[in-house]
Amino acid sequence: MTGKVREASQQIIWWRLLLLFGFSFASCFAAGYAFNYLLAERDVAIGTVGTLAFLLICAFYSPRWASRILLFFAITMSLYFPTGWLHGAPTFKIVGVMLETDPGEMGEFFSTQPLRIYAMQAAFFIFAVVVWKLSKPVFMSARTWHKKVKIYISLLFAVLLITPFAGTLLSGGTLQDDESAIPIPIIGFYVDAVAAPKIYFDRKEELVKQASKPAIWHIESVNSRYKNYVIVVGESARADYMNVYGFPLKNTPFFSKTNGLFIDGYISTAEMTMISVPNTLSVRGQMNNSIISLAKKAGFATDWLSNQGMLGFFARDISIFAMQADHNYYTQRGDYQKSVTTPDTNLLPEFRKILSKPETRPRLIVFHIMGSHADFCKRLMGEEPEFQFQSKQLSCYVSTIKQTDKLLEDIVSILKEKGESYSLIYFSDHGLKHIGGGSEKSLTHGGDTYESFAVPFAKISSDDTEHKVIKVQRSAFNFLKGFSQWTGIRTQEIEIDGYDFFGSKPDLPEDSNNLREVNKFRRDPVPQ
C-alpha cells in the first residue's frame with residue numbers, strides 16, 4: 001500500500017512539474033523573448049529550460065524562496081504581457097517610448113490594443129497563479145532529490161546561461177545590446193529592464209552633446225535648381241496602404257494622378273520616430289551635421305514647422321533640428337498629446353506667412369506632421385472614416401492616409417500660388433505592423449516585420465512632366481546623399497561618386513544601412 005501511495009505521489013509531482021514547465025514556456029512569450037526574429041527557437045528553448053532549472057535550483061536550497069520568486073516572476077510577466085506580446089523584450093527603444101509618453105498617450109496606447117490581448121493576459125495570469133499554487137509540492141520534493149540530479153540540473157543551467165552570453169560577447173556585443181544576451185526570462189528580463197533605461201539616457205545625453213557641437217560642413221559648391229525646397233516628414237504611414245502603390249481603395253487621389261517621382265521600396269532607418277528621424281536627417285552619430293545645418297551653411301533660409309509637440313513629458317530629440325533652423329513653429333509648444341487631435345492643416349497659415357516674406361535666398365522648409373499617428377480615429381477630428389476596410393481602426397488608418405494626401409495637395413497648391421519654382425519631398429518616418437484579428441484588427445509599432453520599415457517616398461517638382469513610380473529598394477540611410485543631389489549642395493562630408501538616389505539602381509545591403517536585417521524580417525501584408 002505504501003508503494004502505491006508513493007507511486008501516486010510521484011505521478012502528482014511529475015504532472016505539477018510539467019505544468020511548471022508549461023509556465024516557463026509561456027513566460028518566454030510574456031517577456032517577449034519568443035519574438036526574436038532570428039533566434040526565436042533558440043531563445044524559447046533556452047528560456048523555457050533555463051527558467052525551470054533556475055526555479056528548481058532555488059528549491060534545492062529553499063522551497064519557500066523558490067515559491068516567492070515564482071510568484072514575483074508570475075506577477076511581473078502578467079503585467080508586462082501586452083507589451084511583451086506586441087513589442088518584444090525590454091530594450092532601450094521600448095523604455096524610450098515609455099519615458100517619452102505622457103499619461104494621456106499611455107492611456108491611448110492601452111485603449112487601442114485589441115481586447116484579445118487583455119483576454120490572453122488574464123488567461124496567462126490565471127494560469128500563472130494556478131501553477132504557483134500547485135508548484136509548492138514540487139519545490140518541497142526537489143529539495144530531497146539525489147545529489148547527482150541537483151548537480152546535473154545546476155550544470156545544465158550554467159551551460160544555458162553562459163552559452164548565449166558568451167556568444168554575444170564573442171560577436172562583439174554586450175549585455176546592453178538591443179537583443180538580450182540572456183534569453184532566460186526569469187533572469188534576462190530583469191537584467192534588460194535595469195539596463196535599458198541607462199542605455200536610453202546615455203544615448204539621449206549623447207544626442208544632446210552632438211547637437212551642442214558646431215556643424216562641420218565644408219561646402220564645395222551650391223547649384224540650386226529651385227527656389228523653394230519643402231520636406232514633409234510623415235508619421236506611421238505604410239506604403240502598401242496607399243493607392244498610389246497599389247492599395248485597392250482610392251485614398252491617395254492627389255498622389256495617384258500628380259506628376260512626380262514615387263519610390264516603391266523606400267526603407268526607413270528604424271521602426272520608431274525617435275531613432276528613424278535623426279538617422280535620416282543627419283549624419284549618423286552627428287546630429288549637429290543635419291540637413292538644416294547643411295542648408296544654412298550653403299546659404300539657404302531654413303524653417304521648421306511641426307505639429308508634433310516640442311517637449312511633451314520628456315524633451316523630444318527631434319526638436320533639436322527645429323532649434324537649428326532660422327525659424328521654427330509648433331502648433332503645440334509643450335503638450336504633445338494635444339497634437340493628436342490637432343489637424344496638420346493648422347501648419348498651413350504659417351507656411352503661407354513664410355512664403356509671403358521677401359527672400360532672395362533659396363528656402364528649405366521642413367514639415368513634421370502627425371499624419372497617421374495612433375489613435376487613428378482621433379486623427380479624423382471627430383469625423384467618421386471615409387473608407388470601410390476590415391475593422392474600425394484600419395478604416396480610420398486608411399482615412400488618415402487620405403488626410404495626408406490632401407495636406408500634400410494643399411502644400412503644392414500654395415507653392416504654385418507663389419509662382420516660384422519648387423520641389424517637395426515626402427516620406428514617412430516608419431511603418432507599422434498588424435495586431436489583433438477580425439473587428440479588432442489594428443496596427444502598432446513593431447521592429448520585426450518588413451512593412452514596419454517599408455514606407456512611401458515621393459518627390460514632386462514644379463518642372464515634373466510625368467507621373468513615375470520606380471520599384472527599387474532605397475535606404476533612408478542614404479537620404480543625405482539624396483538631399484545633396486536634390487538641393488545641389490556639394491560638400492566634402494557627403495560622397496556622391498555617381499550615386500543617384502532618385503535613379504533605378506537599387507541600394508545594396510551593407511554595414512552602412514539596415515537592408516540586410518530588414519530583408520530577413522517576416523512579411524506582414526495588407527489583409528485581403
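For the structure itself, look to the data block above.
Just so it is clear, the structure is predicted and the values come from calculations on it, not from any experiment.

Draft legend 1. Broad picture of the environment of Asn328. Tracing the sequence through the fold places Asn328 in strand β7 (residues 327-330). On a C-alpha basis, the gap between Asn328 and Trp304 in space is 4.6 Å, while along the polypeptide they are 24 residues apart. A polar atom in the side chain of Asn328 sits 3.4 Å from the backbone oxygen of Ala322.

Draft legend 2. Seen up close, the layout of surface pockets. In this structure, the second largest pocket encloses a volume near 330 Å³. In terms of lining residues, the second largest pocket is bounded by 17 residues, among which Val283, Phe477, Asn478, Leu480 and Lys481 are the most central. Only α10 (273-281), β4 (282-283) and α16 (479-487) provide two or more residues apiece to the lining of the second largest pocket. With three residues, α16 is the largest single contributor of residues to the lining of the second largest pocket. Its residues assigned to classes, the lining of the second largest pocket comprises six nonpolar, six polar and five charged.

Draft legend 3. Spotlight on empty space enclosed by the protein. Within this structure, the stated rule accounts for two cavities of 30 Å³ or more. By volume, the second largest cavity amounts to about 30 Å³. Contributing to the lining of the second largest cavity are Gly234, Glu235, Ala237, Met242, Ile369, Gly371, Ser372, Ile401, Thr404 and Tyr426. The class makeup of the residues in the lining of the second largest cavity is five nonpolar, four polar and one charged.

Draft legend 4. Summary view of the packing of aromatic side chains. Inspection of the entire model under this criterion finds 38 aromatic pairs. For the ring pair Phe247 and Phe389, a centre distance of 5.2 Å and an interplane angle of 70° mean the geometry is edge-to-face. You can see Phe247 sitting in the loop between β2 (228-234) and α9 (253-257) and its partner Phe389 sitting in the loop between β8 (363-368) and α15 (392-418), a full 142 residues away along the chain. When sorted by exposure, Phe247 lands in the same class as Phe389, which is buried.

Draft legend 5. The arrangement of the packing of helix α14 (residues 348-356) against α15 in detail. Where α14 meets α15, the closest approach of the two axes is 11 Å, and the angle between their N-to-C directions is 20°. Taken together, α14 and α15 sit at an angle that is classed as roughly parallel. Crossing hand, α14 versus α15: right-handed. Across the interface between the two elements, Leu348, Phe351, Arg352, Leu355 and Ser356 of α14 pack against Leu407, Asp410, Ile411, Ile414, Leu415, Glu417 and Lys418 of α15.

Draft legend 6. Summary view of the pairing of strand β5 (residues 286-290). For β5, the tally of buried residues reaches four of five residues, placing the bulk of the element in the interior. Looking at chain direction, β4 and β5 are connected through two bridges and run antiparallel. Residue pairing for β5: Ser282 is matched across the bridge by Ser290. Between β4 and the antiparallel strand that follows it, β5, lie two residues; Gly285 among them carries a positive phi value of about 80°.

Draft legend 7. Local environment of the state of the cysteines. Applying the stated criterion across every chain yields a total of one disulfide. What pairs with Cys377 in a disulfide is Cys396, and their sulfur atoms sit 2.1 Å apart. Handedness here is read from the sign of the S-S torsion; for Cys377 and Cys396, about 90°, the answer is right-handed. Taken together, the residues span a long stretch of sequence, with Cys377 in the loop between β8 and α15 and Cys396 in helix α15 at a distance of 19 residues.

Draft legend 8. α10, seen in detail. Taking burial as the measure, the nine residues of α10 include nine buried ones, the bulk of the element. Taken together, the buried positions of α10 are occupied by Thr273, Met274, Ile275, Ser276, Val277, Pro278, Asn279, Thr280 and Leu281.

Draft legend 9. Inspection of the sheet that holds β2 at higher detail. One open sheet holds the eight strands; their spatial order is β7-β6-β8-β2-β9-β12-β3-β13, and the pairing between them is mixed. Of all the strands in the sheet, just β7 and β13 (467-475) have a single pairing partner and so form its edges. Across the sheet, the mean angle from the axis of one strand to that of its neighbour is 15°, orientation sign disregarded. Where strand β6 (residues 301-306) lies against β7, four bridges are found, and the strand directions are parallel. When the bridges of β7 are listed, Asp303 appears paired with His327. Packed on one face of the sheet, α14 meets β2, β6, β7 and β8 and runs near 175° to β8.

Draft legend 10. The environment of Val131, seen in detail. By the element assignment, Val131 lies in helix α6 (residues 115-142). On the accessibility criterion, Val131 (2% relative accessible area) is buried. For the pair Val131 and Arg16, spaced 115 residues apart in sequence, the C-alpha separation works out to 7.6 Å. Excluding residues that lie within four positions of it along the chain, Val131 makes contacts with Leu19, Leu20, Phe23 and Leu70.

Draft legend 11. View of the pattern of salt bridges. Counted by the stated rule, this structure contains 19 salt bridges. Between Asp410 and Lys406 there is a salt bridge; the shortest N-O distance is 2.6 Å. Pair noted here: Asp410 and Lys406 are both in helix α15, with a separation of four residues, about one helical turn. Note that Asp448 and Lys433 form a salt bridge whose closest N and O atoms lie 3.4 Å from each other. Of the two residues, Asp448 sits in the loop between β11 (442-444) and β12 (454-461) while Lys433 sits in strand β10 (residues 433-435), which places them 15 residues apart along the sequence. Here the salt bridges do not stand alone but share partners, grouping Lys227, Arg363 and Glu420 into one network.

Draft legend 12. Structural view of the packing of helix α3 (residues 63-87) against helix α8 (residues 185-212). Two numbers describe how α3 lies on α8: the axes approach to 11 Å, and their chain directions differ by 60°. Considering the angle they form, α3 stands oblique to α8. Viewed along their axes, α3 and α8 form a crossing whose handedness is left-handed. Two secondary-structure elements touch here, α3 through Ile69, Phe72, Phe73, Thr76, Met77 and Tyr80 and α8 through Pro185, Ile186, Phe189 and Tyr190. Tallied by class, residues from the contact of α3 with α8 come to nine nonpolar, one polar and no charged.

Calculation rules
- Position numbers for residues count from 1 along each chain, tracking the sequence in the order it is written.
- Where local features are concerned, this predicted model is filtered to residues with pLDDT of at least 70; where side-chain atom pairs are given and counted, the filter is 80 or more; whole-chain, interface and lining totals use all residues.
- Calculation of side-chain values draws on the structure's entire complement of heavy atoms; hydrogens and water are dropped beforehand.
- Here a helix means four or more residues in a row that DSSP labels H or I, a strand means two or more in a row labelled E, and each is numbered from the N terminus.
- Side-chain atoms alone can form a polar contact between residues adjacent in sequence; in general such a contact is a pair of N or O atoms within 3.5 Å, and within protein one must be able to donate a hydrogen while the other accepts it.
- The rule is simple: put a 1 Å grid over the protein atoms alone, call a set of points where a 1.4 Å probe fits but cannot get out a cavity, call an open set with protein on both sides within 12 Å along at least five of seven lines a pocket, and count a residue as lining if it has an atom within 4 Å of a point.
- Grid points are joined across faces, edges and corners, and a volume is the space filled by probe spheres set on the points.
- Amino acids are sorted into nonpolar (Ala, Val, Leu, Ile, Met, Phe, Trp, Tyr, Cys and Pro), charged (Asp, Glu, Lys and Arg) and polar (every other residue, Gly among them).
- The rule is short: rings of Phe, Tyr and Trp, with Trp giving its six-membered ring, pair when the centres are within 6.5 Å, and they are stacked under 30 degrees, edge-to-face over 60, tilted in between.
- Exposed residues in this analysis have more than 50% of their type's maximum accessible area, buried residues have under 20%, and partly exposed residues fall in between, with area computed by a 1.4 Å probe over protein chains only.
- Under this scheme, a helix contributes an axis fitted over its contacting stretch, all axes are lines through C-alpha atoms, and angles between N-to-C directions fall in the 0 to 180 degree range.
- Roughly parallel means an angle under 35 degrees; roughly antiparallel means over 145; roughly perpendicular covers 65 to 115; every other angle is labelled oblique.
- By the definition used in this description, the sense in which the near helix is turned from the far one sets the handedness, with an anticlockwise turn below a right angle giving left-handed and a clockwise turn giving right-handed.
- Contacts are assigned to residue pairs with any non-hydrogen atoms lying within 4.5 Å of each other.
- Whether two strands pair depends on DSSP finding at least two bridges between them.
- Disulfides are defined as cysteine sulfur pairs within 2.5 Å.
- When a carboxyl oxygen of Asp or Glu is within 4 Å of a side-chain nitrogen of Lys or Arg, the pair counts as a salt bridge.

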